[in-house]
Amino acid sequence: MTDSIMSKAATMEIPINSNGDTGTLPEDDSLEQDLQQVMVSGPNLNETSIVSGGYGGTAEGIIPTSSIKGSNMHHSSSSSSMAADEATRGVAVEKLETMKKWGLNTYKCTKQIISERFGRGSRTVDLELEAQIEVLRDTKKKYENVLRLARALTNHFYNMVQTQHALGDTFADLSQKSPELRDEFGYNAETQKLLCKNGETLLGAVNFFVSSINTLVNKTMEDTLMTIKMYENARLEFDAYRSDLEELSLGPKDAVAMARIDTAQQQYQVQKDKYERLRSDVIIKLKFLEENKVKVMHKQLLLFHNAISAYFAGNQEQLEQTLKQFNIKLRPPGADKPSWLEEQ
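Here we summarise the structure given alongside this text. Keep in mind it's a predicted model, so treat the numbers as computed, not measured.

The rules we used
Residues numbered from 1 in each chain as written. Predicted model: local features only at pLDDT ≥ 70, side-chain atom pairs only at ≥ 80, totals over all residues. Heavy atoms only, no water. Helix = DSSP H or I, 4+ residues; strand = E, 2+ residues; numbered from the N terminus. Buried < 20%, exposed > 50% of the residue type's maximum accessible area, 1.4 Å probe, protein only. Contact = heavy atoms within 4.5 Å. Areas by Shrake-Rupley, 256 points an atom, 1.4 Å probe, with all protein chains shown as cover. Salt bridge = Lys/Arg side-chain N within 4 Å of Asp/Glu carboxyl O.

**Some words on the overall build of the chain**
Piece 1. Looking only at helices and strands, the chain has 8 helices and 2 strands in total.
Piece 2. The helix and strand sequence of the chain, counted from the amino end, reads α-β-α-α-β-α-α-α-α-α.
Piece 3. A buried classification covers 33% of the 344 residues belonging to the chain.
Piece 4. The long-range fraction of contacts in the chain, counting pairs at least 24 apart against all pairs at least 6 apart in sequence, stands at 83%.
Piece 5. Summed over its atoms, the accessible surface of the chain is roughly 21,900 Å², and 55% of this surface lies on carbon and sulfur atoms.

**Looking at the pattern of salt bridges**
Piece 1. Enumeration over the complete set of coordinates arrives at 14 salt bridges.
Piece 2. As a salt-bridge pair, Asp-223 and Lys-285 come within 2.9 Å of each other at their nearest N and O atoms. One end of the pair, Asp-223, is in helix 5 (residues 182-249); the other, Lys-285, is in helix 6 (residues 255-312), and 62 residues separate them in sequence.
Piece 3. With relative accessibility at 40%, the residue Asp-223 sits in the partly exposed group.
Piece 4. Notably, a salt bridge pairs Arg-242 with Glu-246, separated by 3.2 Å at the nearest N-O pair. A residue pair is termed a helical-turn pair when its members lie 3 or 4 positions apart in one helix, as Arg-242 and Glu-246 do in helix 5 at 4 residues.
Piece 5. Residue classification places Glu-246 among the partly exposed residues on the basis of a relative accessible area of 23%.
Piece 6. Through salt bridges that share partners, Arg-235, Asp-239, Arg-242 and Glu-246 make up one connected network.

Here it is as structure tokens:
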């Protein structure tokens, strides 16, 4: 039965080669992380209230004799108490059932993780997809470094522009108070003011570059990685229920065992559908992410190159034209810091 089921799987099962000797295994912190990840996915029972009718249980639902005014009131209060007690018991049973299912699922996943780590089990592997996922994680790290450096550049350049602005004001003041050096201080003041103006224009371009890279890294890529995490959890659950079904299929075939196999078959199919659905979602998101990344970076790298080149060439007209080309609006006069710094 298991062979016919697994022959239809979209991915392949690759056994893990290991002798299972724990004494020769290197230390691997990922085992503890995987186990923690399985445990934190449990249900929230903070609001669970379980009423026990046995000795030492709560006094909820007990009617004090002082509150009995007559036979009608006693009957009404008893009915209300019984209804409330039944409702509470129903909620408790539902919570316990949820806890039972979560515990069983956690046990199966934990068993699968340990089996994979010690080389005693097998895992479903999609080599092409996993290679793409690794490329994405590596790309995200590199883009995060670009973002960090671009922010540092913006900080340093902003401080330089502020210094040029202050220096220009000082030169202008000294031009008025030093008649013998009026011309020298005057054209130096004009030069610093022009540099300050061009610097503010360049800051507008660099801020736009930083904002776009930040959106790409911390929103677009992060969203795809969250879907990948869900896919990896689904893969673990799929393999756990697959292994369980395989073990049952190798056992006896009496009526009780066949009933358990049928149940395991249904659970396996549910996990398989979930795994294949998330696998499809990851493939689609990776495709669109790559297209979006190329489109965004093509525009942003062109902006960054044109703005930097125009600034250091002293071409004010080209610098302003670059901002118009990419529809970038400068901050109004009097703003103290670049917009992205205020958003942090």
